[in-house]
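Overview (structure and organization)
Each chain is listed here by its residues.
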Amino acid sequence: MMICPQCGRQFDVTMSFCLEDGTPLRSGGAAVEAATAVISGPSDERITLPLHNRDDGRSRQGNSVAVLPFVNMSADPDNEYFCDGLAEELMNALAKIDDLKVAARTAAFSFRGKTAPMAEIARALNVSSILEDSVRKSGSRLRITVQLINASDGFHLWSERYDRDMQDIFEIQDDITLAVVDALKVKLLGEEKTAVLRRYTENTEAYQLYLRGKFFWNKRTGNDLKQAAEFYNQAIEKDPNYALAFSGLAETYVLFSSHDVAPANDSMPQAKAAALRALEIDDSLAEAHSALGYYLTLYEFDLDRSEKEFRRAIELKPNYATAHQWFAANLTVLRRFDEALAELRLAEELDPLSPDIGTDLGATFVFARRYDEAIAQFKRTLVRDPNFSRTHSYLGWAYGSKGMYAEAVAALALAAIAGFPPAAVGAEKAPDYVAIKLDDQSGLSLSALQGNVVILNVWAAWCEPCREEMPYLEQLNQRYAPEGPRIVGVTIDGSGADERVRDSADSLGVPFTLLRDPDNTFRGVF
């Protein structure tokens, strides 16, 4: 028996999430520990965070820290990228120390602008200390004020103010990192110190451009990914041997097709080239291995090599949530659903507030045909981020897969309103949406479709009528205009599919995945 710690409802042991509120279920017992911590912020704003990282049954104690987003004290709000970048760079440096646990970026950054007591923030993030900062940047001058606080009593463990030039930014970062390590009395071994203090560029202009790229990549929308690529490319122009910039570029290009920025046959080869260049410069970059693995999964379908790249990435950086998240895609294609769900749960544990990871977890439930759990997971993700358009879109997919077509259309419409790229037609009015089920018995001619935008999901067997209609789907997609229909997503579910599915998907130019059955036939999601 499984119990929801929030509402107390009981479920069968096969369920993972409460169907009412999406809360992860716990094994039944007389006492069920609450699964979340709730923090009250200004204006009665409430933040709910999962309490993760308790594999050994104990809270994080001792050597653990959360790096809060640095406060931008500059007159120019555009300098937020710099503040966020410094905080994230410090997280990445500290996360390389085996004896130190570091709270995930998404969770720590959820406290941006909040005034909750440090002790409550630390409890929610499950850490013993908090690093907070403020940055004032004017031209090439910097003033950075840092303080490390013991969460249990609120006393300062260390604080410092730096009034320096931008050219000294790398020395400042090193000083802060080593001061935190010293204040927390963490043992820093020789190899760890080398890794922690490693610099990937000495060019401060390239570094600032890289931070801008990372800032936009973290937003995960089509327009933001496009800007991220532009800044990464500019960083590479400043320093052609900047491995981190190539790695960031690879992680960006590999997402272009799924966010409707560019067709896969344009962007995926660029992702591969950037990843290979990053690894040519530095083979120890987990992010580059992860991006290459994702490319191999989604584009070349070289699943054996892809798995090797992901395992190498995780070996190099076990706490890199994105590597676990993208590795799950490889496992899903192979229909190793239990392993895929395990990787995604680990990714979510490492980055508990990421809507992107939460959405992928729900998608994997759909692939595994566990539709109720998928719907509950998507709803749970939307509680964290109601405006994350991809979750609305995938929720529509889950509803459609279950045959709840009215709910599917409603969710897809919300995805468009929230800005999901395939639905962007005109801001002057909400377009009409149609979800269509096509199977052997439908008798539906796709050439008769009408409407502003058509969300076409083929929730049915791969059959002769589907194959016969495919040329029309291609023409429809190519002739898209604001007043006409557009194909943005196709799901083909049936054991009779063959590799012609892949050829058709390539010509459609929309994101897709091929699921391989144990008998080596194909199933597809475009």
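What counts and what doesn't
Residues numbered from 1 in each chain as written. Predicted model: local features only at pLDDT ≥ 70, side-chain atom pairs only at ≥ 80, totals over all residues. Heavy atoms only, no water. Axes fitted to C-alpha atoms, helices over the stretch in contact; angles between N-to-C directions. Helix = DSSP H or I, 4+ residues; strand = E, 2+ residues; numbered from the N terminus. Parallel < 35°, antiparallel > 145°, perpendicular 65-115°, else oblique. Left-handed = near helix turned anticlockwise from the far one by under 90°. Contact = heavy atoms within 4.5 Å. Buried < 20%, exposed > 50% of the residue type's maximum accessible area, 1.4 Å probe, protein only. Pairing = 2+ DSSP bridges. Polar contact = N/O pair within 3.5 Å; in protein donor to acceptor, adjacent residues only side chain to side chain. Expected span 1.5 Å × (residues − 1). Salt bridge = Lys/Arg side-chain N within 4 Å of Asp/Glu carboxyl O.

This next bit is on the packing of helix α10 (residues 286-300) against helix α12 (residues 321-333). Between α10 and α12, the shortest axis-to-axis distance is 9 Å and the interhelical angle comes to 20°. Here α10 is positioned roughly parallel relative to α12, judged by the angle of their axes. By crossing handedness, the relation of α10 to α12 is classed as left-handed. Residues S290, A291, Y294 and T297 of α10 pack against T322, A323, W326, A329, N330 and V333 of α12.

Right, let's talk about the pairing of strand β6 (residues 64-67) for a bit. Covered by surrounding structure in β6 are S64 and A66 together with V65 and V67, the residues of both alternating faces. When β6 meets strand β8 (residues 101-102), the two strands line up parallel, connected through two bridges. By the bridge assignment for β8, S64 is matched with K101. In this sheet, strand β9 (residues 129-138) lies alongside β6 in parallel orientation, the contact comprising three bridges. Each residue of the ladder has a partner; that of A66, found in β9, is I130.

Note that strand β10 (residues 141-150) and strand β11 (residues 156-165) share nine bridges and pair antiparallel. Within β11, the residue paired with I149 across the bridge is H156. From the end of β10 to the start of β11, which pair antiparallel, there are five residues, and G154 there has a positive phi angle of about 80°.

Mapping E300 onto the fold places it in helix α10. Classification of E300 by relative accessible area gives partly exposed; the value is 28%. On a C-alpha basis, the gap between E300 and P269 in space is 9.9 Å, while along the polypeptide they are 31 residues apart. There is a polar contact of 3.1 Å between the side chain of E300 and the side chain of K272.

Look at helix α14 (residues 355-367): 18 Å from first C-alpha to last across 13 residues, which is about the 18 Å you get at 1.5 Å a residue. Burial analysis of α14 places 13 of its 13 residues in the buried class, the great majority of the element. Looking at the residues trailing α14, positive phi occurs at R369, about 65°.

Per the stated rule, a full pass over the model turns up 26 salt bridges. D163 is paired through a salt bridge with R161; the nearest N and O atoms lie 3.1 Å apart. Residue D163 is classed as partly exposed on the basis of its relative accessible area, which comes to 33%. Two residues, D282 and R198, come together in a salt bridge whose shortest N-O distance is 3.0 Å. Here the residue D282 occupies a position in the loop between α9 (264-281) and α10, and R198 occupies one in the loop between α5 (190-196) and α6 (204-217), the gap between them amounting to 84 residues. Salt bridges sharing common partners tie together E171, D174, R199 and E202.

What is shown is where atoms sit, not what they do.
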